[in-house]
Amino acid sequence: FRVGVLASGTGSNLQAILDRVHGREADVVAVGSDKPGARALARAEALGIATATFPGADFPDREARDTAMAQWLRSEGVELVVLAGYMQIVTPTFLAAFPQRVINVHPALLPAFPGIRAVEQALAYGVKVFGVTVHFVDEGVDSGPVILQRALELPDVTDADEIRARLHPVEHDLLTSAVALIARGAVRPDPEHPRRISVEV
Ligand code: GRF
């Protein structure tokens, strides 16, 4: 099962996939980024995995960027695209190339706190329970059907960096589980309620 990963940052979620799923349930065959220096790219290169960068400045618009990116991923035989800290919104053009085959990890319990700075949003709201969501990507922002979620009670923590640090291992667990489950064919939308995803653990 061939997986492509898009990442903009340090790529600890990518690393979790490489450490726990790669060469087992799935093979990471392509890692792309919008950021030429992203550490995620180096993590992939270290294992001889194909990498490519698609900086916004190299393309006339987002459609053109996403068309090139989708073509590249398809040329590598990618069956599932994982957004692992990819800080761009993918266009409908991109999603059409991978229908129901793009997933994202988000550091909040959706539908609460979508978009950027989710942890800051949750802190500003004053919640006591934080969490992580892995979901299919649709045309909205963090709005697609939920695959896996896990809550983390942190009633006394008020520092965003500390909350992010506590959420990161949860992200790694849920994202690696989701990739393995999808590779195994264990994740299916309910035909009657397409937002309701059944996960056969
Ligand atoms: C994660 O917190 C993810 O939820 C967010 O971006 C971060 C990426 O972290 N969308 P890393 O680059 O995988 O360490």
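Conventions and cut-offs
Residues numbered from 1 in each chain as written. Predicted model: local features only at pLDDT ≥ 70, side-chain atom pairs only at ≥ 80, totals over all residues. UniProt positions renumbered as here; feature names shortened; annotations may be inferred. Helix = DSSP H or I, 4+ residues; strand = E, 2+ residues; numbered from the N terminus. Contact = placed C-beta atoms within 7 Å. Buried ≥ 20, exposed ≤ 12 C-beta atoms within 10 Å, placed from the backbone.

## As for the UniProt feature "binding site: (6R)-10-formyltetrahydrofolate" (unreviewed entry) in the protein chain
So, step 1. Within this numbering scheme, the UniProt entry marks Arg-62 and Asn-104 as carrying the feature "binding site: (6R)-10-formyltetrahydrofolate" (unreviewed entry).
So, step 2. Structurally, Arg-62 can be placed in helix H3 (residues 62-75).
So, step 3. Positionally, Asn-104 belongs in strand S5 (residues 102-106).
So, step 4. Ignoring anything within four residues of it in the chain, the contact list for Asn-104 reads Leu-83, His-135, Val-137 and Asp-142.

## Quick look at unusual backbone geometry
So, step 1. The omega torsion across Leu-110 and Pro-111 is 15°, close enough to zero to call that bond cis.
So, step 2. Following the sequence through the fold, Pro-111 ends up in the loop between S5 and helix H5 (118-125).
So, step 3. The phi angle at Phe-113 is positive, at roughly 60°, despite the residue not being glycine.
So, step 4. With respect to the helices and strands, Phe-113 occurs in the loop between S5 and H5.
So, step 5. Judged by the 24 C-beta atoms lying within 10 Å of it, Phe-113 is buried.
So, step 6. The backbone of Asp-142 sits at a positive phi, close to 55°, despite the residue not being glycine.
So, step 7. Residue placement: Asp-142 occurs in the loop between strand S6 (129-136) and strand S7 (146-153).

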